[in-house]
Amino acid sequence: MKIVVGSDHGAVDLKEEVKLVLKEYPHIEIIDVGTFGHDPVDYPDIAKLVAEKITSGECERGVVLCGTGIGISIAANKIKGIRAALCSDSYSAKMARRHNDANVLALGGRVLGIGPAGDIVRAFVENNFEGGRHERRVKKIMELE
Ligand code: RB5
């Protein structure tokens, strides 16, 4: 599975930690669209780069990060086909996959420590959409686009 990761300057260090966690999974290939330093960049630009990798079919899922995770999740959710879930706990990440079929996980680099962020990423990777009654609800979300 290909996972695209992208952050603004507010979470560039946490992005590296997220990549280390993703490397625990031999079946995961990581695509990093930046940013790669601490110089300020605009999080909507990063959200767009990540989203394009998913909507083009190149990547199945994505992880976006900014200082709080809020701006980049709002931006990502503006893009057709993206269901981004901003998570601060692993239960939410698990349910975002199982019930909402979230294809993007959003994290706050100035909010989360490495430990909780790792647990959240693992929950996002290890859980799958349950379908069933959730199928109808996710379809209704997508009809709102
Ligand atoms: C950048 O300073 C900061 O605003 C951004 O990383 C993010 O927190 C926005 O939601």
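Bear in mind the structure is a predicted one, so any value in this text is a computation, not a measurement.

## Thoughts on the layout of surface pockets
Empty space left among the atoms is revealed by rolling a probe the size of a water molecule over them. One number sums up the size of the largest pocket: a volume of about 180 Å³. Along the walls of the largest pocket sit 13 residues, with Asn-77, Ile-82, Arg-83, Ala-84 and Ile-141 positioned nearest its centre. Only strand E4 (84–86) and helix H6 (133–143) provide two or more residues apiece to the lining of the largest pocket. In the lining of the largest pocket, the residues fall into seven nonpolar, two polar and four charged.

## Quick word on the pairing of strand E1 (residues 2–7)
Note on strand geometry: in a regular strand, side chains alternate between the two faces of the sheet. With five of its six residues buried, E1 lies for the most part within the structure. Sheet analysis places E1 next to strand E2 (residues 29–32), joined by four bridges and oriented parallel. Across the sheet, the residue bridging to Val-4 is Ile-31, located in E2. Since E1 and E2 lie parallel, the crossover through helix H1 (residues 12–22) that links them has a hand, and here it is right-handed. When E1 meets strand E3 (residues 61–66), the two strands line up parallel, connected through five bridges. Its bridge partner lying in E3, Ser-7 is registered against Leu-65.

## A closer look at the site of the ligand
Within the structure, the ligand sits among Asp-8, His-9, Tyr-43, Cys-66, Gly-67, Thr-68, Gly-71 and Arg-110. Separating an oxygen atom of the ligand from a backbone N or O atom of Thr-68 is a distance of 3.0 Å. Within the contact set of the ligand, an oxygen atom lies 2.9 Å away from a backbone nitrogen or oxygen of Gly-71. Coverage of the ligand by the protein chains reaches 70% of its 290 Å² of free accessible surface. Residues that form the shell around the ligand fall into these classes: two nonpolar, four polar and two charged.

## Details of the sheet that holds E2
Ordered by their spatial adjacency, five strands build an open sheet running E2-E1-E3-E5-E4, and the pairing between neighbours is parallel. Across the chains shown, the open sheet's two edge strands, defined by having one partner strand only, are E2 and E4. Geometrically, the sheet is characterised by an average inter-axis angle of 20° between neighbouring strands, direction not taken into account. Alignment of E3 against strand E5 (residues 104–108), held across five bridges, turns out to be parallel. Bridge pairing links Val-64 to Ala-106 in E5. Strands in contact with helix H5 (residues 114–126) are E1, E3 and E5; relative to E5, the strand with the most contacts, it is inclined by about 175°.

## Some details on the packing of aromatic side chains
Evaluated as defined, the whole model comprises zero aromatic pairs. When the ring centre of Phe-124 is taken as origin, the NZ or CZ atom of Arg-61, which lies over that ring, is 5.7 Å away.

## Things to note about the pairing of E3
Burial analysis of E3 places six of its six residues in the buried class, the great majority of the element. Taking every second residue as pointing to the same face, both faces of E3 are buried, with Arg-61, Val-63 and Leu-65 on one and Gly-62, Val-64 and Cys-66 on the other.

Quick notes on the rules
- Residues numbered from 1 in each chain as written.
- Predicted model: local features only at pLDDT ≥ 70, side-chain atom pairs only at ≥ 80, totals over all residues.
- Heavy atoms only, no water.
- 1 Å grid on protein atoms, 1.4 Å probe; cavity = no way out; pocket = protein on both sides within 12 Å on 5 of 7 lines; lining within 4 Å.
- Points joined across faces, edges and corners; volume = space filled by probe spheres on them.
- Helix = DSSP H or I, 4+ residues; strand = E, 2+ residues; numbered from the N terminus.
- Nonpolar A, V, L, I, M, F, W, Y, C, P; charged D, E, K, R; others polar.
- Buried < 20%, exposed > 50% of the residue type's maximum accessible area, 1.4 Å probe, protein only.
- Pairing = 2+ DSSP bridges.
- Right-handed = clockwise from strand over helix to strand, strands pointing away.
- Near = heavy atom within 4 Å.
- Polar contact = N/O pair within 3.5 Å; in protein donor to acceptor, adjacent residues only side chain to side chain.
- Areas by Shrake-Rupley, 256 points an atom, 1.4 Å probe, with all protein chains shown as cover.
- Axes fitted to C-alpha atoms, helices over the stretch in contact; angles between N-to-C directions.
- Contact = heavy atoms within 4.5 Å.
- Phe/Tyr/Trp six-rings, centres within 6.5 Å; stacked < 30°, edge-to-face > 60°.
- Lys NZ or Arg CZ within 6 Å of the ring centre and 35° of its normal.

On their own, these measurements won't tell you what the molecule is for.
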